[in-house]
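For reference, the chains in residue letters:
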Amino acid sequence: MGTDLHELLRSLRVWDPEVTELPPLDPAAAPAAPLPLFERWFADAVAAGEREPHTVSLATADEDGRPDVRIVMLHGADQDGWSFAGHAGSRKGRHLAARPYAALAFYWPVHGRQVRLRGPVAVAPPEEAQADLHARSTGALAAALTGRQSRELGSLEELARASEAAWDRAAREPGTPVESWTLYRLRPEEVEFFQGEPRRRHVRLVYRRTDQGWRRRLRWP
């Protein structure tokens, strides 16, 4: 028998109280800028055992304005922006070259929290990109050396051969540069913090960048 998707969907719960805690969010006590609140929420997610809290949805658009989205890893967040990485020739790299603007969305269900950001994206200096890559695991370097991200693949055997060669080189030469590896930084114009609430009175706190600093506002859930 096949799976009844609609029946399966109706059987699922959101924010099951047995595994989820919904902390309150007091907008009046929120910091003046979004970065400290993001750092606090991220640390909360790690402490609560959230699986892979550093994964984030990255949305871009191609030169015709058609959207695309994928999951990437957060590489850092500071006053310069929220960082992620990839090959310049990948689909996301081509999108960002044509339209250097993107959106990020974090979801941490253990606390019923989302963080959404959007803004222009800049490319970090090459030396920073290489330092970021070589601070990661051997597997990360091997994947970067395999390259050809987003290009058409002839077979899984072809991938296996390229990957084995890349793993061997990454182990022998851990400082090998990967010229196409690019570190991107999204400098948000807007950051929204969404805190789930048991009676669906969800709190949406929005920070918008202005010439005078950050402005905070609430949105209806």
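Residues numbered from 1 in each chain as written. Predicted model: local features only at pLDDT ≥ 70, side-chain atom pairs only at ≥ 80, totals over all residues. Heavy atoms only, no water.

Undergrad: What is the right way to look at the nonpolar core in this model?
TA: It is characteristic of soluble globular proteins that their nonpolar side chains tend to be buried jointly. Counting 28 residues, the largest nonpolar core has Phe84, Phe106 and Val115 as its most contacted members. Among the elements that line this core, the one with the most residues is helix H2 (residues 34-47), at five residues. Ignoring any residue separated from it by four or fewer positions in sequence, one finds Val115 in contact with Phe38, Trp41, Leu104, Ala105, Phe106, Trp108, Val191, Glu192 and Phe193. Judged by nonpolar contacts, the second largest core, of 12 residues, contains Ala124, Ala129, Leu141 and Ala144. (Core = buried A, V, L, I, M, F, W, Y, C linked by side-chain atoms within 4.5 Å. Buried < 20%, exposed > 50% of the residue type's maximum accessible area, 1.4 Å probe, protein only. Helix = DSSP H or I, 4+ residues; strand = E, 2+ residues; numbered from the N terminus. Contact = heavy atoms within 4.5 Å.)

Undergrad: Hey, could you run me through the layout of surface pockets in this one?
TA: Using a probe with the size of a water molecule, rolled over the atoms, empty space left in the structure can be pinpointed. Each pocket or cavity is described by its volume, and for the largest pocket that value is around 500 Å³. His87, Ala143, Ala144, Gly147 and Gln149 are the residues nearest the centre of the largest pocket, which is lined by 23 residues in total. Those elements that provide at least two residues to the lining of the largest pocket are strand E2 (67-73), strand E4 (81-87), helix H5 (138-146) and helix H6 (156-172). Ranked by the residues each element gives to the lining of the largest pocket, the list is headed by H5, at four residues. Here the lining of the largest pocket is built from residues that sort into 11 nonpolar, six polar and six charged. Here the second largest pocket defines a volume of roughly 160 Å³. For the second largest pocket, the full set of lining residues is Ser57, Ala59, Val69, Ala103, Leu104, Ala105, Arg116, Leu117, Arg118, Glu190, Glu192 and Arg219. For the lining of the second largest pocket, the secondary-structure elements that each account for two or more residues are strand E1 (55-61), strand E5 (101-108), strand E6 (113-123) and strand E8 (190-195). Each residue belonging to the lining of the second largest pocket can be placed in one class, and the counts come to six nonpolar, one polar and five charged. (1 Å grid on protein atoms, 1.4 Å probe; cavity = no way out; pocket = protein on both sides within 12 Å on 5 of 7 lines; lining within 4 Å. Points joined across faces, edges and corners; volume = space filled by probe spheres on them. Nonpolar A, V, L, I, M, F, W, Y, C, P; charged D, E, K, R; others polar.)

Undergrad: Explain the UniProt feature "binding site: FMN" (unreviewed entry) in the protein here, please?
TA: As recorded in UniProt, the sites labelled "binding site: FMN" (unreviewed entry) are Arg91, Lys92, Gln114, Gln149, Ser150 and Arg204. Across 114 residues of sequence, these annotated residues are also dispersed in space, with a maximum C-alpha separation of 36.1 Å. Those annotated residues lining the largest pocket are, specifically, Lys92 and Gln149. Residue classification places Lys92 among the buried positions, given a relative accessible area of 8%. Beyond its immediate stretch of four places on either side in the chain, Lys92 contacts Leu58, Arg70, Val72, Ala85, Gly86 and Gln149. Tracing the sequence through the fold places Ser150 in the loop between H5 and H6. (UniProt positions renumbered as here; feature names shortened; annotations may be inferred.)

Undergrad: Would you take a moment to explain H2 for this structure?
TA: For an α-helix, 3.6 residues make a turn, and residues three or four places apart therefore share a direction. Its 14 residues place the ends of H2 20 Å apart at the C-alpha level, agreeing with the 20 Å of an ideal helix rising 1.5 Å per residue. When we look at burial in H2, the residues that qualify are Pro34, Leu35, Leu37, Phe38, Trp41 and Ala45. End-on view of H2: buried residues confined to an arc of 160°, all on one side of the axis. Gly49 lies just past H2 and shows a positive phi near 85°. (Expected span 1.5 Å × (residues − 1). Arc of directions from axis to C-beta.)

Undergrad: Sorry, what's going on with the side chain of Glu50 here?
TA: Inspection of the secondary structure puts Glu50 in the loop between H2 and E1. Here Glu50 occupies a buried position and makes no salt bridge, while the nearest side chain of opposite charge, Arg51, is found at 7.5 Å. With near-sequence residues (within four places) excluded, Glu50 lies in contact with Ala45, Trp108, Pro109 and Val110. (Lys, Arg positive; Asp, Glu negative; His and termini not counted. Salt bridge = Lys/Arg side-chain N within 4 Å of Asp/Glu carboxyl O.)

Undergrad: I'm lost on a nonpolar patch on the surface in this one. Help?
TA: Residues Leu5, Leu9 and Leu12 make up a contiguous nonpolar surface patch of roughly 310 Å² in combined accessible area. One can find Leu9 in helix H1 (residues 5-11). (Patch = residues over 30% accessible without salt bridge, like charges linked within 9 Å, V, L, I, M, F, W, Y side chains within 5 Å. Areas by Shrake-Rupley, 256 points an atom, 1.4 Å probe, with all protein chains shown as cover.)

Undergrad: Any chance you could explain the UniProt feature "domain: Pyridoxamine 5'-phosphate oxidase N-terminal" (unreviewed entry) in the protein here in plain terms?
TA: UniProt's feature table lists "domain: Pyridoxamine 5'-phosphate oxidase N-terminal" (unreviewed entry) at residues 44-163, given in the numbering used throughout. Secondary structure content for residues 44-163 is 32% helix and 36% strand, and the end C-alpha separation is 36 Å.

Undergrad: What should I look at first to understand the pairing of E1 in this one?
TA: In this structure, E1 lies alongside E2, joined through seven bridges in antiparallel fashion. The partner of Leu58 across the bridge, within E2, is Arg70. Between E1 and the antiparallel strand that follows it, E2, lie five residues; Gly65 among them carries a positive phi value of about 85°. Alignment of E1 against E5, held across three bridges, turns out to be antiparallel. Within the sheet, the bridge partner assigned to Leu58 lies in E5 and is Leu104. (Pairing = 2+ DSSP bridges.)

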